[in-house]
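Results of the structural survey
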Amino acid sequence: MKYIEVEGVKELKAFYVELEAEISIARKSCSFHCFEGCGACCYSPSKNLEVTLFEAIPMAHAIIESGEHEAVLASLEEGDCAERPCLFYVKNSPDGKMG
């Protein structure tokens, strides 16, 4: 799929990479972190999760670049998305609380 290059997306992605590095340093210095493998928040219904526009743009860009946009759209159209876990959450336990 060919798409229009949106000005600023590369810079926004770079910002999030830098932000994640800073958050990682802060977590280590104050011992704040989710338990290893935790996914309880992401496994809750999507209606309880929030994403800002500036978080969604790089995610949408990555989905389009990967060629998975049609599969993602089809999944979003299945049933009531608001009651399902985050579309991108991969559970690693039978109860879904580890991811």
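Here is what the cut-offs are and how they apply
- Residues numbered from 1 in each chain as written.
- Predicted model: local features only at pLDDT ≥ 70, side-chain atom pairs only at ≥ 80, totals over all residues.
- Heavy atoms only, no water.
- Helix = DSSP H or I, 4+ residues; strand = E, 2+ residues; numbered from the N terminus.
- Rg over C-alpha atoms; globule rule 2.2 N^0.38 Å.
- Areas by Shrake-Rupley, 256 points an atom, 1.4 Å probe, with all protein chains shown as cover.
- Lys, Arg positive; Asp, Glu negative; His and termini not counted.
- Charge placed at Lys NZ, Arg CZ, Asp CG, Glu CD.
- Phe/Tyr/Trp six-rings, centres within 6.5 Å; stacked < 30°, edge-to-face > 60°.
- Buried < 20%, exposed > 50% of the residue type's maximum accessible area, 1.4 Å probe, protein only.
- Axes fitted to C-alpha atoms, helices over the stretch in contact; angles between N-to-C directions.
- Parallel < 35°, antiparallel > 145°, perpendicular 65-115°, else oblique.
- Left-handed = near helix turned anticlockwise from the far one by under 90°.
- Contact = heavy atoms within 4.5 Å.
- pLDDT = per-residue confidence, 0-100.
- Arc of directions from axis to C-beta.

**Regarding the overall build of the chain**
A tally of helices and strands in the chain yields four helices and zero strands. Along its sequence from the N terminus, the chain presents helices and strands in the succession α-α-α-α. In terms of C-alpha radius of gyration, the chain reaches 16 Å, well past the compact-globule figure of 13 Å for 99 residues. Structurally, the chain occupies a C-alpha span of about 45 × 35 × 20 Å along its principal axes. Here the chain has roughly 7,900 Å² of accessible surface; of this, 62% comes from carbon and sulfur atoms. When the 9 positive and 17 negative side-chain charges of the chain are each reduced to one mean point, those points stand 4 Å apart.

**Considerations on the environment of Phe 15**
Note on placement: Phe 15 falls in helix α1 (residues 9–30). For the pair Phe 15 and Leu 49, spaced 34 residues apart in the sequence, the C-alpha separation amounts to 22 Å.

**Some remarks on the packing of aromatic side chains**
Evaluated as defined, the whole model comprises two aromatic pairs. Centroid distance Phe 15 to Tyr 16: 5.4 Å. Interplanar angle 70 degrees. Geometry classified as edge-to-face. Between Tyr 43 and Tyr 89 the ring centres are 5.8 Å apart and the planes differ by 55 degrees, which places this aromatic pair in the tilted class. One end of the pair, Tyr 43, is in helix α2 (residues 40–43); the other, Tyr 89, is in the segment after α4 (69–77), and 46 residues separate them in sequence. For Tyr 43, a relative accessible area of 30% gives the class partly exposed.

**Thoughts on the packing of α1 against helix α3 (residues 53–66)**
Orientation of α1 relative to α3, taken along the N-to-C sense of each, is 110 degrees, at an axis distance of 10 Å. Judged by the angle between their axes, α1 and α3 are roughly perpendicular. The handedness of the crossing between α1 and α3 comes out as left-handed. Touching Val 9, Leu 12, Lys 13 and Tyr 16 of α1 are Phe 54, Glu 55, Ile 57, Pro 58, His 61, Ala 62 and Glu 65, all from α3.

**Quick notes on the confidence of the model for the chain**
For the chain, mean pLDDT is 82; residues scoring 70 or higher make up 92% of the total. Across the chain, element-level confidence peaks in α4 with a mean pLDDT of 88 and bottoms out in α2 with 78.

**Remarks on α4**
Looking only at α4, the buried set comprises His 69, Val 72 and Ser 75. Looking straight down α4, one finds that the buried residues subtend no more than 125 degrees of arc, so they occupy a single side. When the buried face of α4 is taken as reference, the exposed residues oriented beyond 90 degrees from it are Glu 70, Ala 71 and Glu 77. On the buried face of α4, the contacting elements are α3. Phi turns positive one or two residues past the end of α4, at Gly 79, with a value near 60 degrees.

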